[in-house]
Each structure stands twice: as C-alpha cells, then as structure tokens.
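Structure assessment
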Amino acid sequence: MLITNHFRLVGIVYENAKYEERNDGLKVTKFTLVVKNDPRKPKEKNYLPIYVKGNDAVLAAHICRSGNKVAVNGRIETINRFDHKTGSINVEIMFIAEDTIYLINKATQKTNR
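Summary of the structure given here.

Basis of the calculations
- Residue indices begin from 1 for each chain and proceed along its sequence in written order.
- Where local features are concerned, this predicted model is filtered to residues with pLDDT of at least 70; where side-chain atom pairs are given and counted, the filter is 80 or more; whole-chain, interface and lining totals use all residues.
- The basis for the side-chain values is all heavy atoms of the structure; hydrogens and waters are excluded.
- Here, a strand pair is defined by DSSP locating no fewer than two bridges between the strands.
- Secondary structure elements are defined from DSSP: runs of H or I of at least 4 residues count as helices, runs of E of at least 2 residues count as strands, and each element is numbered from the N terminus.
- For salt bridges, the criterion is a side-chain nitrogen of Lys or Arg within 4 Å of an Asp or Glu carboxyl oxygen.
- For the exposure calls, accessible area comes from a 1.4 Å probe over protein chains only, and a residue counts as buried if that area is under 20% of its type's maximum, exposed if over 50%, partly exposed in between.

On to the pairing of strand E5 (residues 69-83), then. Alignment of strand E1 (residues 7-13) against E5, held across 6 bridges, turns out to be antiparallel. When the bridges of E5 are listed, glycine 11 appears paired with valine 70. Pairing between E5 and strand E6 (residues 88-104): 15 bridges, direction antiparallel. When the bridges of E6 are listed, glycine 74 appears paired with alanine 97. In this antiparallel pair of consecutive strands, E5 and E6, the connection spans 4 residues, and glycine 87 shows a positive phi of 75 degrees.

Here it is as structure tokens:
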C-alpha cells in the first residue's frame, strides 16, 4: 500500500500574505486560502493557513495577494504541544506549500467578464 502526505488545493487568497525572515535565516510566508467544501453548497468554506518556506517564500509573498486565485501543492505537518495546565496535547496542523501557482487576480477577472 502506498501512503503519501500530499495535498492539492485551489482557492482564493483571503488577505495579503505575510512575509517573515526568522532569526535562523529561514524565510517564511503565511497566507490564508479560502476553499469551497462542496460545489453544491457554495456558502460552506474552509479558511486554511498555508505556509511557504525557503526561497519560494519571497515569490509567494508577491503572488498571494487578497482576492487572487492560486493553486497550492504541498504536504501537511503537525506540531504537538503539551498544555501543562490542562494536561492535554494540542495539535497544530500546518499546510506546507511546495508549489504555489498564480492563476488569476481579482482585477483581471472583473475586466474579462
């Protein structure tokens, strides 16, 4: 059985991407991608946090502007954090983009109608 950790999403960028260069030199861009759950239920949407790491982070910061339609291919990472107060483990799910493809922007979409 072949098991892979891979996702492919197409959606609209919710707000402009936020670029950060960390103290350790790692470049990271974070943006929120809005994706529809079911084409028959257009009001049902998910807001997914997408992270782009490395040299692609700079390009993603320019491409991922509010209203732009993008396609993202990548993998999922999790971070487990132990909460000492409650004694529970909190799991943070991160969508790590390996490819971000610019499809169309909001202004172009309006002029082509």
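Right, let's get into the pattern of salt bridges. For the coordinates displayed, the defined rule picks out 6 salt bridges. Two residues, glutamate 15 and lysine 18, come together in a salt bridge whose shortest N-O distance is 3.7 Å. Residue classification places lysine 18 among the exposed residues on the basis of a relative accessible area of 53%. Put simply, aspartate 38 and arginine 40 hold a salt bridge, and the shortest N to O gap is 3.1 Å. Since its relative accessible area comes to 14%, aspartate 38 is described here as buried. For arginine 40, a relative accessible area of 73% puts it in the exposed group. If you follow the salt bridges from partner to partner, you end up with Lys53, Arg75, Glu77 and Glu98 in one network.

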